[in-house]
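# Structural characterization, general
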Amino acid sequence: HENVYTYAYGILYLWFLTTDENKKCRKKIWCANSLNAEEVSLGHSVHAGLNLLIKPIWILLIDAAVQEALPQEVYGNYFALFNFSLLFFIVLDLGLNSFNITEVAQDNSKIGVLTGSIIGLKIILAVAYVLIILGVGAVLGYTSQEFGLLLILGAIQILTSLTQFFRSIVSSLQ
């Protein structure tokens, strides 16, 4: 959930920075014409408050209810597949986010060219990632049901990788 809030905040941040009157404020979180310090601190307070509400509810109510509702072997299998999908997550990045932050921070005019190129490369890496997790899953003898769950988890990891890439764009503009 934290990634979703951060991504939404980043999109709003980018919107404020792309207005003509705010192009001079790219290195600051606020400027006099768009955001003031009170609005920024209010936004951070709301974000922190949401985190304090959502995370305990998620851990104590939702996750615990799922663990109670499912047999131990089903939940354990899901958790094992989830961690398995994380093992190969590095294939989805290969340092592209760091490269993007460095290059765009040095020259903001590169953002368009780099974004298109990196998204194309990330699509190729996503295909490689899926092939790797399916190949290793086949070697480990996963069932068709486990492959289905693994594909869903792989799609979630791919979306997470793309979200992190878009966050790297926001980071490079700060």
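Now for a quick tour of the structure. (Residues numbered from 1 in each chain as written. Predicted model: local features only at pLDDT ≥ 70, side-chain atom pairs only at ≥ 80, totals over all residues. Heavy atoms only, no water.)

### Remarks on the nonpolar core
Heads up, the rule is: Nonpolar cores were defined as sets of buried Ala, Val, Leu, Ile, Met, Phe, Trp, Tyr and Cys residues, with membership established by side-chain atoms within 4.5 Å. Per-residue accessibility, obtained with a 1.4 Å probe over protein chains only, is compared with the maximum for each type, and a residue is labelled buried under 20%, exposed over 50%, and partly exposed between these values. To qualify as a helix, a DSSP run of H or I must reach at least 4 residues; to qualify as a strand, a run of E must reach at least 2; elements of each kind are numbered from the N terminus. The contact rule is simple, with two residues in contact once any of their heavy atoms fall within 4.5 Å.
Counting 11 residues, the largest nonpolar core is built from Leu-81, Phe-84, Phe-89, Val-91, Leu-92, Ala-126, Tyr-129, Ile-133, Leu-150, Leu-153 and Ile-158. Elements with a contribution of two residues or more to this core: helix H3 (72-87), helix H5 (111-140) and helix H6 (144-172). Residue contacts for Leu-92: discarding those within four places in its chain leaves Lys-122, Leu-125, Ala-126, Tyr-129, Gln-157, Ile-158 and Ser-161. Grouped together as the second largest cluster of nonpolar side chains are eight residues, Val-104, Ile-118, Ile-169 and Leu-173 included.

### What about the pattern of salt bridges?
Note the cut-off: Salt bridges, as used here, are contacts in which a Lys or Arg side-chain nitrogen is within 4 Å of a carboxyl oxygen on Asp or Glu.
Tallied over the entire structure, the rule returns one salt bridge. Among the salt bridges present, the one from Glu-103 reaches Lys-110, with a minimum N-O distance of 2.8 Å.

### Observations regarding a nonpolar patch on the surface
Worth spelling out the cut-off: Within this analysis, patches are made of residues with over 30% relative accessible area and no salt bridge. Like charges are joined at 9 Å or less; nonpolar side chains (Val, Leu, Ile, Met, Phe, Trp, Tyr) at 5 Å or less. Each accessible area is a Shrake-Rupley estimate made with a 1.4 Å probe; only the visible protein chains count as cover when residues are assessed.
A cluster of nonpolar side chains, contributed by Leu-53, Ile-57, Trp-58, Ile-59, Leu-60, Leu-61, Ile-62, Val-66, Leu-70 and Val-74, occupies part of the molecular surface with about 910 Å² of accessible area. Counting residues per element, the nonpolar patch draws most heavily on helix H2 (residues 37-69), at eight residues. Note that Ile-59 resides in helix H2. A relative accessible area of 53% places Ile-59 in the exposed class.

### Some words on the packing of helix H4 (residues 96-106) against H6
For the record, the criterion: Only the stretch in contact is used when fitting a helix axis, every axis being a line fitted to C-alpha atoms; angles between N-to-C directions are given from 0 to 180 degrees. An angle below 35 degrees is treated as roughly parallel, one above 145 as roughly antiparallel, one from 65 to 115 as roughly perpendicular, and anything else as oblique. Crossing handedness is read from the near helix: turned anticlockwise from the far helix by less than a right angle, it gives a left-handed crossing, and turned clockwise, a right-handed one. Note on residue categories: nonpolar means Ala, Val, Leu, Ile, Met, Phe, Trp, Tyr, Cys or Pro, charged means Asp, Glu, Lys or Arg, and polar means any other residue, Gly included.
Two numbers describe how H4 lies on H6: the axes approach to 8 Å, and their chain directions differ by 25 degrees. Judged by the angle between their axes, H4 and H6 are roughly parallel. For the pair H4 and H6, the sense of crossing is right-handed. Side by side, H4 and H6 meet where Asn-97, Asn-100, Ile-101, Val-104 and Ala-105 of the first sit next to Gln-164, Phe-165, Ser-168, Ile-169, Ser-171 and Ser-172 of the second. Residue composition of the contact of H4 with H6, grouped by class: five nonpolar, six polar and no charged.

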